[in-house]
Structure formats: C-alpha cells, structure tokens
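Observations on chain architecture
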Amino acid sequence: MKEGRLFAITLTFFTMALFWILLSGIFDAFHLISGLICCLIVTFLSHDLLVKGKSEKRLLKTLRLIRYIPWELWQIVLANIDVAYRVLHPKMPIDPRVIEFETPLRGEFSQVTLANSITLTPGTITIRVEPEQGKFLVHAISKEPADALLIDQGMQKRVAHVFMEE
Amino acid sequence: MVLIHIVTTFLLGAGLFFTFVGSIGLLRFPDFYTRLHATGKCDTLGAGLIILGLLIYHFFYYPETPLVPAKLIFLILFIFIANPTATHALMKAAYQMGIKPWRLGEERE
C-alpha cells in the first residue's frame, strides 16, 4: 500500500514537472522553482487520480502498452483507407449492423483501451460497454469488420496480452 | 532540405485527402451511425498527419525552438485519445435516444 502510494506520488510529480517545463519553455530559476512548487501542491492534492489502485507488474504492462501502440497506429491507417474506399466507391459497399459480444477483460483501463481500439480500427465503433459483464455493443459498417471482431478476436487477445488478463 | 519539403508536402497532402474524404463520407453515407464512421476515423488520421507534417517542417527549419515540436507531439497524442472517445459518446447518445441504425436495402434519409 505504502509503496504503491510512493510510486503514484513520484509518477504524478515527474509528469507534472515535465509538462511544466514543456509548456512554459522558460528556464530561469524563478520560473523553474515556482513551477516545481506548483507541481508539489498538485501532486499532494491529486496523486491518487493519475495512478489508481494497486496493480501488479506495472512496468511490464507499460512496456507492452508501448509495443501495442505502433500496431494500433497501423490499424488507424488501415481504417482510414477502408473508409476512404467505401466513401469513394460509386456503389458505396456498406452493410451496417449492430453486434454484441462479451470479453473476459475486467480491468477498467483494459476495457477503455479495447473500446477505443475498436473505434479506431477499420469499420467498427463502440456504442456501449457494460463493465461488470464485459459486454460490448459495437456498430460495424459491414460484414467483414464485424466478423473480424466476433470470430478472430485478434484485438481482444492483444489487449488481454498487454494487461495480462489472459 | 528538398527531402524535407517532399515529406512535409506528402504528409499535408495525405492529411488533407483524408479530411476531404471524411467530409464526402459525411454527405454520402445514409444515416447517423455510418456518418460517424466517416468523420470519427478520417478526422483523427487527417489531423494527425497534418500536425506531423508541420512538426517535421518546424523541427528542421526552426531548430532554435525545439519545444514547439514537443508540444505538437502531445497535441497528436491528445487528439488520438479524445477523438474516439467523442465518437463513442455521440454513438452512445444516439443509441440511447433510440435512433435506428440503417440496414442495407432501406430507403436513404
């Protein structure tokens, strides 16, 4: 408990300090010291907001999340090409449908990641999430992206791998 | 320096293309949900590519202010988090209002 709190305080403080230096861009003693004092106050008041609860193996999860991001960026590019194709095609090959599925993911952050990933990847947008049952309601623009989500479940597995909820 | 011009122009052009396609999709697609597919996705990548182009240009032509590219990176990051969230919020609101998703074969609005 105590160790987790120390971690939260340290992380919040360094994030705040980094943002202060980045956004101010002034490096004289007065601005740096006043900035650090502000960071200390903010950290003291709100260190439990950024890092919530205690969680195992934070470092490994962060590393895996960093490895997940490039894949996700590539998926975004694919999504845009997919939408561009559907928009510009004269016959507009769309067949929208609403699908529902359940995931074994239970963590708050992992569900948010999955929901946002679904929205960013080709042809699907999350409509509703029921956190307790892990139920996702998704709008798909045609049959293939819906099947990719329902049958392959590649993204679910990736998110589960990142947050170690396999 | 010619290379930087080419890369910047390509990124800005691609960004403009995707934003443009998003707007066409907004006009062409049949209902609320499919229109959100067009805008929600294309705006994310379109804005991201345009900012990336500006970032590269600034980084090489104005190296005396390196904080500006760093701020632009954060801008991209926040757009990539905020945009799908906003799209999802709009979707959910529409769904709760009881707007029926359009199915293939129905009359277009």
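Residues numbered from 1 in each chain as written. Chains lettered and ligands numbered in written order. Predicted model: local features only at pLDDT ≥ 70, side-chain atom pairs only at ≥ 80, totals over all residues.

**Structural notes on the confidence of the model for chain B**
Residue and element names in this part refer to chain B. Looking at chain B, pLDDT values average 85 and 94% of them are 70 or higher. Taken element by element, chain B is modelled with least confidence in helix 3 (residues 67-97), mean pLDDT 86, and with most confidence in helix 1 (residues 2-28), mean pLDDT 90. Overall fold confidence (pTM) sits at 0.76, and the ipTM for the predicted complex is 0.74. (pLDDT = per-residue confidence, 0-100. Helix = DSSP H or I, 4+ residues; strand = E, 2+ residues; numbered from the N terminus.)

**Remarks on the domain arrangement of chain A**
Its domain assignment divides chain A into domain 1 (2-50) and domain 2 (59-162). Look at where the C-alpha atoms of domain 1 of chain A and domain 2 of chain A centre, and you get two points 34 Å apart. (Domains from an automatic or database assignment.)

**Notes on helix 4 (residues 108-120) of chain A**
Between its terminal C-alpha atoms helix 4 of chain A stretches 19 Å, which fits the 18 Å expected from 13 residues at 1.5 Å a residue. Those residues of helix 4 of chain A lying buried are S110, Q111, T113, L114, A115, S117, I118, T119 and L120 of chain A. (Expected span 1.5 Å × (residues − 1). Buried ≥ 20, exposed ≤ 12 C-beta atoms within 10 Å, placed from the backbone.)

**Regarding the interface of chain A and chain B**
If you look at the interface, chain A gives 25 residues, while chain B gives 29 residues. For the side of chain A that touches chain B, the secondary structure elements donating two or more residues are helix 3 (58-88), helix 4 and strand 2 (124-130) of chain A. Looking at which element gives the most residues to the side of chain A that touches chain B, the answer is helix 3 of chain A, with 8 residues. Classifying every residue of the side of chain A that touches chain B gives 17 nonpolar, 6 polar and 2 charged. (Contact = placed C-beta atoms within 7 Å. Nonpolar A, V, L, I, M, F, W, Y, C, P; charged D, E, K, R; others polar.)

**Describing the packing of helix 2 (residues 32-61) of chain B against helix 3 of chain B**
Residue and element names in this part refer to chain B. Between helix 2 and helix 3, whose axes approach to 9 Å, the crossing angle comes to 175°. Looking at the two axes, helix 2 sits roughly antiparallel to helix 3. Among the residues making up the contact of helix 2 with helix 3, the classes are represented as 21 nonpolar, 6 polar and 1 charged. (Axes fitted to C-alpha atoms, helices over the stretch in contact; angles between N-to-C directions. Parallel < 35°, antiparallel > 145°, perpendicular 65-115°, else oblique.)

**Regarding the sheet that holds strand 2 of chain A**
Spatially, 1-3-2 (chain A) is the arrangement adopted by the 3 strands of the open sheet, whose pairing is antiparallel. The two strands at the open ends of the sheet, each matched to only one other strand, are strand 1 (97-102) and strand 2 of chain A. Looking at each pair of strands side by side, their axes are set apart by 25° on average, direction ignored. Sheet topology places strand 2 of chain A next to strand 3 (residues 135-140) of chain A; 6 bridges connect them, and they run antiparallel. Residue pairing for strand 3 of chain A: V129 of chain A is matched across the bridge by F136 of chain A. Each of strand 2 and strand 3 of chain A is contacted by helix 3 of chain B, which is oriented at about 65° to strand 2 of chain A, the strand it contacts most. (Pairing = 2+ DSSP bridges.)

**Some points on the nonpolar core**
Counting residues in each nonpolar core, the largest one holds 21 residues, and the members touching the most others are L114, I118, I125, V138 and V159 of chain A together with M91 of chain B. Of all the secondary structure elements, the ones that give two or more residues to this core are helix 4, strand 2, strand 3, helix 5 (143-152) and helix 6 (154-162) of chain A together with helix 2 of chain B. In this structure V138 of chain A touches I99, I118, T124, I125, T126, I127 and L149 of chain A, once residues within four positions along its chain are discounted. (Core = buried A, V, L, I, M, F, W, Y, C linked by C-beta atoms within 7 Å.)

**Quick look at the environment of T9 of chain B**
All names here are of chain B. Positionally, T9 belongs in helix 1. For T9, a count of 12 C-beta atoms within 10 Å translates into the label exposed. Put simply, T9 and L54 are 45 residues apart on the chain and 9.5 Å apart in space, counted from C-alpha to C-alpha.

**Structural notes on the pairing of strand 3 of chain A**
Residues and elements named next belong to chain A. With 6 bridges connecting them, strand 1 and strand 3 associate as antiparallel partners. Bridged to I99 within strand 3 is V138. Between strand 2 and strand 3, which pair antiparallel and follow one another directly, the connecting turn spans 4 residues, one of which, G134, has a positive phi of 70°.

**Re helix 6 of chain A**
Residue and element names in this part refer to chain A. The complete set of buried residues in helix 6 reads M155, Q156, V159 and V162. Each buried residue of helix 6 lies within a common arc of 125° when the element is viewed along its axis, so the set occupies one face. When the buried face of helix 6 is taken as reference, the exposed residues oriented beyond 90 degrees from it are G154 and K157. Where helix 6 ends, the next residue or the one after it, M164, has phi of about 55°, a positive value. (Arc of directions from axis to C-beta.)

**Focus: the packing of helix 4 of chain A against helix 3 of chain B**
Where helix 4 of chain A contacts helix 3 of chain B, the two axes come as close as 9 Å, and the packing angle between them is 85°. Here helix 4 of chain A is positioned roughly perpendicular relative to helix 3 of chain B, judged by the angle of their axes. Along its contact with helix 4 of chain A, which presents A115, N116, T119 and L120 of chain A, the element helix 3 of chain B presents P84, T85, T87 and H88 of chain B. Looking at side-chain class alone, the contact of helix 4 of chain A with helix 3 of chain B contains 3 nonpolar, 5 polar and no charged residues.

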